Amino acid sequence: MRVEDIEESQSFFTTTVALVTSAYGEQVNVMSAEWSLRVSIDPFLMAVFVGYQRGTYEIIKNSGMFGLSYCSDQQGHLAHIAGNYSIRDHDKFGMADFRTFKAKHISAPLIEGCISNFECRVVDEFKVGDHAAFIGEVLAGYYDKEKKPLIFHQGHFSSIGKRLFRS
Ligand SMILES: Cc1cc2nc3c(=O)[nH]c(=O)nc-3n(C[C@H](O)[C@H](O)[C@H](O)COP(=O)(O)O)c2cc1C
C-alpha cells in the first residue's frame, strides 16, 4: 500500500555504509557515510557528502584527503559507533574494535575487514544544500571478495539478499 509522506519517504532508500577516515595533525577520525559513491569512471572519482557540522568536515577540509572503507555485513557495530558519536566529544577508536592499516598515499588510516577501501585526494568541493560534496581522485583501491556488503535501510543494518538471476 503506497503512503504519501515526504518525511518518512526519506528512510526508504537502500545504501551501503562507508567508514570515512580522515587525519590532520594529531587528529584521526572515522565517521559513517551512506552518501558516498563513485561519480566518474575515468578519471576514477568518488564523492562523499559531509555535513558542515561534522568533525570530519574540518579534517578533510584541512588535509585535502580522505579514506573510504565500505563496511562488510560483519561491521554494523563499527558503522553504529562511527555514525552516532563525534570526535568532538568521543574517542571513537577506543569505543570499538576499529582495526586499521596504513594507507600508501593519504595520512588517514583505512579500516580492516571491509569489502573495499579507497584512498582519495580531494580535487573539488562544493555545497549541496546542507552538506559539502567532496570529490576525491582515487589514488589506491583495495577489495576482499570474501566479504559481503553492509546494507542500510529504514534506519537498520542488514546483509544483502540472494542473487536473483545471472546477468
Ligand atoms: C548509517 C549512517 C550513515 C550516515 N551517513 C552520513 C552521511 O552520508 N553524511 C554525513 O554527513 N553524516 C552521515 N551520518 C552521520 C555521521 O556519521 C555522524 O554525525 C557522526 O557522528 C559524525 O562524526 P564526526 O563529528 O566525528 O565527523 C551517518 C550516520 C549513520 C549512522
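Since the model is a prediction, treat every value here as computed from it, not as a measurement. (Residues numbered from 1 in each chain as written. Predicted model: local features only at pLDDT ≥ 70, side-chain atom pairs only at ≥ 80, totals over all residues. Heavy atoms only, no water.)

**Describing the overall build of the chain**
So, point 1. Counting secondary structure elements, the chain contains three helices and 12 strands.
So, point 2. Relative to the globule expectation of 15 Å for 167 residues, the C-alpha radius of gyration of the chain, 16 Å, shows essentially globular dimensions.
So, point 3. Its C-alpha atoms give the chain principal-axis dimensions of roughly 50 × 35 × 35 Å.
So, point 4. Taking all 167 residues of the chain together, 40% fall into the buried category.
So, point 5. In the chain, of all internal contacts separated by at least 6 residues, the share reaching a separation of at least 24 is 63%. (Helix = DSSP H or I, 4+ residues; strand = E, 2+ residues; numbered from the N terminus. Rg over C-alpha atoms; globule rule 2.2 N^0.38 Å. Buried < 20%, exposed > 50% of the residue type's maximum accessible area, 1.4 Å probe, protein only. Contact = heavy atoms within 4.5 Å.)

**Overview of the sheet that holds strand E1 (residues 14–16)**
So, point 1. One open sheet holds the three strands; their spatial order is E1-E11-E12, and the pairing between them is antiparallel. Two strands bound the open sheet, and with one partner strand each, they are E1 and strand E12 (156–159). Within the sheet, the average angular offset between the axes of one strand and its neighbour, ignoring direction, is 40°.
So, point 2. Relative to strand E11 (residues 150–153), E1 is paired through three bridges, and the arrangement is antiparallel. The residue bridging threonine 15 from the neighbouring strand is phenylalanine 152, located in E11. (Pairing = 2+ DSSP bridges. Axes fitted to C-alpha atoms, helices over the stretch in contact; angles between N-to-C directions.)

**Topic: the state of the cysteines**
So, point 1. As enumerated under the stated definition, the model contains zero disulfides in all.
So, point 2. As a non-bridged cysteine, cysteine 71 has cysteine 114 as the owner of its nearest cysteine sulfur, 5.4 Å distant.
So, point 3. On the accessibility criterion, cysteine 71 (2% relative accessible area) is buried.
So, point 4. Left without a disulfide partner, cysteine 120 is nearest to the cysteine sulfur of cysteine 114, which lies 13 Å away.
So, point 5. According to the relative accessible area criterion, cysteine 120 is buried, its value standing at 0%. (Disulfide = S-S within 2.5 Å.)

**A look at the UniProt feature "domain: Flavin reductase like" (unreviewed entry) in the chain**
So, point 1. Under the local residue numbering, the UniProt record ascribes the feature "domain: Flavin reductase like" (unreviewed entry) to residues 10–159.
So, point 2. Measuring from the first to the last C-alpha atom of residues 10–159 gives 20 Å, for a span that is 15% helix and 49% strand. (UniProt positions renumbered as here; feature names shortened; annotations may be inferred.)

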